[in-house]
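# Structural overview
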Amino acid sequence: MLTSRRTLMVGGGLAAAALLAGPAHADDALAQQMAPRALGKPDAPVQVMEWFSLTCPHCARFAKETLPEVEKQFIDPGKLYYVFKDFPLDQVALTAAMVARTLPPPQYVPFCTALLASQDRWAFARDVNSTQELAKIAALAGMSRATFNQAISNDALRTAILKEQDVGVKTYNVDSTPYFIFNGPGAKNRKEAGEMSYDTFARVVAGAAGA
């Protein structure tokens with residue numbers, strides 16, 4: 001089963017992003033926040049983009065059960081470049097993605113992994129303020145409350161994430177999470193929707209590699 005909901009849209013139109021332009025240093029900060037978050041070597045023979053939501057249970061299971069072995073067998077040996085693409089399915093996921101991208105890049109994957117592993121505590125628990133729970137987890141990652149508050153109120157970052165999500169919809173027809181796009185000698189924008197077992201993922205990588 002796939003997690004599929006109406007995607008969050010930019011609202012007043014992508015053209016409104018131009019109104020958020022600020023000083024050069026703000027533009028530089030946004031560029032750093034939206035720079036690729038990835039594992040592996042960019043020149044690996046196969047590249048994959050995973051479009052994921054931090055409130056998607058299927059993404060959480062994939063991250064727990066499949067990705068560690070993918071990292072061991074393909075990413076670490078330099079066979080696969082793995083790029084994470086934000087596709088927030090709701091406002092809670094969008095807020096979490098904003099916080100994740102505000103952290104230093106090396107902390108992005110560990111933070112997202114921690115969030116995916118603890119969805120029941122911060123995203124789905126009854127009578128729990130998800131923003132407050134996010135702030136606690138961010139604090140454990142070394143983020144001050146002041147920086148956290150700036151992150152969740154950063155309209156330029158919010159718009160940039162939603163714009164990237166819109167690219168996923170329009171360019172790759174992403175409509176659910178997790179959603180994978182593979183490229184390599186044996187594949188061009190090969191699409192795979194839904195969480196995969198390691199064996200299935202490995203077969204797709206082999207096909208993308210032209211094996």
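A short tour of the structure in this document, coming up. (Residues numbered from 1 in each chain as written. Predicted model: local features only at pLDDT ≥ 70, side-chain atom pairs only at ≥ 80, totals over all residues. Heavy atoms only, no water.)

## Points about the overall build of the chain
A tally of helices and strands in the chain yields 10 helices and five strands. Residues classed as buried in the chain amount to 45% of the 211 residues present. Here the analysis covers contacts within the chain between residues at least 6 apart in sequence; of these, 75% occur between residues at least 24 apart. Only carbon and sulfur atoms are counted for the fraction: they give 54% of the accessible area of the chain, which is about 10,400 Å². (Helix = DSSP H or I, 4+ residues; strand = E, 2+ residues; numbered from the N terminus. Buried < 20%, exposed > 50% of the residue type's maximum accessible area, 1.4 Å probe, protein only. Contact = heavy atoms within 4.5 Å. Areas by Shrake-Rupley, 256 points an atom, 1.4 Å probe, with all protein chains shown as cover.)

## Topic: the sheet that holds strand β4 (residues 179–184)
Taken in spatial order, the five strands make up an open sheet running β1-β3-β2-β4-β5, and their pairing is mixed. Each edge of the open sheet is held by one strand with a lone partner, namely β1 (37–39) and β5 (187–193). Pairwise comparison of adjacent strand axes, ignoring direction, gives a mean angle of 20° for this sheet. Sheet analysis places strand β2 (residues 46–52) next to β4, joined by five bridges and oriented antiparallel. Looking at the pairing, Trp51 lines up with Tyr179 of β4. The sheet strands contacting helix α10 (residues 198–208) are β2, β3 (80–86), β4 and β5, and the helix crosses β4 at an angle near 30°. (Pairing = 2+ DSSP bridges. Axes fitted to C-alpha atoms, helices over the stretch in contact; angles between N-to-C directions.)

## Quick look at unusual backbone geometry
The residue after Thr177, namely Pro178, is reached through a cis peptide bond having omega -10°. If you trace the backbone, Pro178 turns up in the loop between α9 (155–172) and β4. Unusually for a residue other than glycine, Asp127 sits at a positive phi of about 60°. Turning to its location among the elements, Asp127 is positioned in the loop between α6 (119–122) and α7 (130–140). In this model, Asn173 sits at a positive phi of 60°, which is unusual for a non-glycine residue. Mapping Asn173 onto the fold places it in the loop between α9 and β4.

## A short note on the pairing of β3
Among the seven residues in β3, seven count as buried, and that is most of the element. Burial along β3 is two-sided: Leu80, Tyr82, Phe84 and Asp86 facing one way and Tyr81, Val83 and Lys85 facing the other are all buried. Bridge count between β1 and β3: three bridges; the pairing is antiparallel. What sits directly across from Leu39, in β3, is Tyr82. Bridge analysis of β2 against β3 gives seven bridges, and the strand direction is parallel. Across the sheet, Gln47 pairs through a bridge with Tyr81, a residue of β3.

## Examining the state of the cysteines
One pass over the structure, following the stated rule, counts zero disulfides. Of the cysteine sulfurs around Cys56, a residue in no disulfide, the closest is that of Cys59, at 3.1 Å. (Disulfide = S-S within 2.5 Å.)

On their own, these measurements won't tell you what the molecule is for.
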